[in-house]
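Below are the chains, spelled out letter by letter.
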Amino acid sequence: MLKHDPIIIDTHDLCKNYNGIQALKNLNLQVRKNSIYGFLGPNGAGKTTTIKLLLGLIKPTSGNGSVLNYDVTRENIKIRARTGYLPQEPRFYEYMTAKEVLRFTARFFFYGPKNEIENRVSEMLDLVGIEKKADRPIKGFSGGERQRLGIAQAMINYPDLLILDEPTASLDPVGRHMILELMEKLREFSTIFYSTHILDDVQRVSDTVGILNRGTLVAKGNIEKLLAGSEGTIYLITLKGDTESAFKNLSTQPWVSNINVEKKDNKVKWQINVTDDDLAEEELLRLILADKKVKVIDYRLKQYELEEIFLQVLEEDENVVK
Ligand code: ADP
């Protein structure tokens, strides 16, 4: 995903009340084409409600939104024609085989010539890696295989957008790992928007994250930036050798705001705060390596665990509510 990729999910103050209870409050969500967006939040946060609103399966109480430039209330049929959707617990006719399920779906959702249906069905079985189970009835399928079949169904019409509601929630660690790998692969074909309550999923496969808590989007943005924390970008560099002149050189750079030095054994650790991310990315390592008296042992961006960020924003949200 690039900064200038078009926004394909765009909501403005989208709200949903159920019998007077606010399930979703003023949601302003933007998702760019080609991104893999992790929509994170505890159970009951409003994730499924959001997904149903985006697909036009329920109507907003107020606010508006568009998906693929179609209005969520007036043009939801067009949205659904170009969007693949995996519901939280996909249901199948248990006696049908995987191939029969996909054929059945293709007849409804695939708009190409009829004789291409068989090719498309085989292609989807391959894509999600269940081709060997193609002729077995669903009733013998594991949770992970069911999810993969559900994803194959959602992909059958080459959607521009794939929306997955808690794709890994009911799976064991192996099943989860396989679904995350599959999602990584599907990025090549479609923008992916998925909900989850599992932090680790988001950290593993998203490039953008939104955190929803009790109907409010409490944090959103690029995952790298979010993980870099609110102190701005910090580089952690471990060096050996005579670091004095390299230190002096770096200190004079206008985009370096602070260097914290720690010495241990024969190594020196620098924690460098920078004010211009692009310049730092271009120049920092080059400047250090230009000094032949130092050796760089380790070089990385300081990152927080998503869990720290998540707990921090939830805590701030609690304080606001109190
Ligand atoms: P999540 O997907 O994040 O677990 P949901 O969107 O399913 O959250 O639910 C958000 C809130 O809205 C919850 O408090 C839930 O109980 C409530 N809710 C969801 N669907 C309905 C409904 N059809 N009627 C009444 N309340 C609902």
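Residues numbered from 1 in each chain as written. Predicted model: local features only at pLDDT ≥ 70, side-chain atom pairs only at ≥ 80, totals over all residues. Heavy atoms only, no water.

**Overview of the overall build of the chain**
When its secondary structure is counted, the chain shows 11 helices and 15 strands. Over its C-alpha atoms, taken along the principal directions, the chain stretches across nearly 70 × 50 × 35 Å. Pairs at least 24 residues apart make up 69% of the contacts formed inside the chain by residues separated by at least 6 positions. For the chain, the exposed surface amounts to about 17,000 Å²; the carbon and sulfur share of it is 49%. Mean positive and mean negative side-chain charge positions of the chain (44 and 46 charges, respectively) differ by 3 Å. (Helix = DSSP H or I, 4+ residues; strand = E, 2+ residues; numbered from the N terminus. Contact = heavy atoms within 4.5 Å. Areas by Shrake-Rupley, 256 points an atom, 1.4 Å probe, with all protein chains shown as cover. Lys, Arg positive; Asp, Glu negative; His and termini not counted. Charge placed at Lys NZ, Arg CZ, Asp CG, Glu CD.)

**Considering the domain arrangement of the chain**
What the domain assignment reports for the chain is domain 1 (2-227) and domain 2 (234-301). Distance from the C-alpha centre of domain 1 to the C-alpha centre of domain 2: 43 Å. (Domains from an automatic or database assignment.)

**Focus on the nonpolar core**
The biggest cluster of nonpolar side chains holds 50 residues, and the ones touching the most others in it are L149 and I151. Among the elements that take part in this core, helix α4 (residues 117-128) stands out by supplying 6 residues, more than any other. Residues contacting L149, with those up to four places away along its chain left out, are F92, A98, V101, L102, I130, I138 and F141. Core analysis: the next-biggest nonpolar cluster, separate from the first, contains 24 residues, F39, A45, I51 and L161 among them. (Core = buried A, V, L, I, M, F, W, Y, C linked by side-chain atoms within 4.5 Å. Buried < 20%, exposed > 50% of the residue type's maximum accessible area, 1.4 Å probe, protein only.)

**Remarks on the site of the ligand**
Around the ligand sit Y18, A23, P42, N43, G44, A45, G46, K47, T48 and T49, and that is every residue in its neighbourhood. Here an oxygen atom of the ligand sits 2.9 Å away from a polar atom, N or O, in the main chain of K47. Here the ligand, which alone exposes 560 Å², has 56% of that area covered by the protein. When residues in the shell around the ligand are grouped by element, the largest group, 3 residues, is from helix α1 (residues 47-54). (Near = heavy atom within 4 Å. Polar contact = N/O pair within 3.5 Å; in protein donor to acceptor, adjacent residues only side chain to side chain.)

**Focus: the sheet that holds strand β8 (residues 161-165)**
Here 6 strands make up an open sheet; going across it, the order is β7-β8-β9-β4-β10-β11 and the pairing mixed. The sheet is open, and its two borders are formed by β7 (83-86) and β11 (216-222), each paired with just one other strand. Strand-to-strand twist across the sheet, computed as the mean angle between neighbouring axes with direction ignored, equals 15°. In this structure, strand β4 (residues 36-40) lies alongside strand β10 (residues 208-213), joined through 4 bridges in parallel fashion. By the bridge assignment, L40 is partnered in β10 with I211. (Pairing = 2+ DSSP bridges. Axes fitted to C-alpha atoms, helices over the stretch in contact; angles between N-to-C directions.)

**Some thoughts on a negative patch on the surface**
Together, D277, D278, E281 and E282 make up a region of like negative charge exposed at the surface. In this fold, D278 is placed in helix α10 (residues 277-289). Its relative accessible area of 55% is what places D278 among the exposed residues. (Patch = residues over 30% accessible without salt bridge, like charges linked within 9 Å, V, L, I, M, F, W, Y side chains within 5 Å. Salt bridge = Lys/Arg side-chain N within 4 Å of Asp/Glu carboxyl O.)

**A word on the side chain of E166**
On the secondary structure map, E166 appears in the loop between β8 and α6 (173-186). Its relative accessible area of 3% is what places E166 among the buried residues. In this structure E166 touches N43, K47, Q88, Q147, S195, T196 and H197, once residues within four positions along its chain are discounted.

**Digging into the packing of aromatic side chains**
Per the counting criterion, the structure on display carries 6 aromatic pairs. Ring geometry for Y93 and Y95: centres 6.1 Å apart, planes at 35°, overall tilted. For Y93, a relative accessible area of 48% puts it in the partly exposed group. Grouping aromatic residues by their ring pairs yields a cluster made of Y37, F39 and F193. Note that R120 overlies the ring of Y158, its terminal NZ or CZ placed 3.6 Å from the centroid. (Phe/Tyr/Trp six-rings, centres within 6.5 Å; stacked < 30°, edge-to-face > 60°. Lys NZ or Arg CZ within 6 Å of the ring centre and 35° of its normal.)

**Examining the packing of α4 against helix α5 (residues 143-155)**
For the pair α4 and α5, the least separation of the axes is 9 Å and the interaxial angle reads 135°. Taken together, the axis directions place α4 and α5 in an arrangement best described as oblique. Both α4 and α5 take part in a crossing whose hand is right-handed. From α4, M124, L127 and V128 reach across to α5, where they touch R148, I151, A152 and M155. Partitioning the contact of α4 with α5 into residue classes produces 6 nonpolar, no polar and 1 charged. (Parallel < 35°, antiparallel > 145°, perpendicular 65-115°, else oblique. Left-handed = near helix turned anticlockwise from the far one by under 90°. Nonpolar A, V, L, I, M, F, W, Y, C, P; charged D, E, K, R; others polar.)

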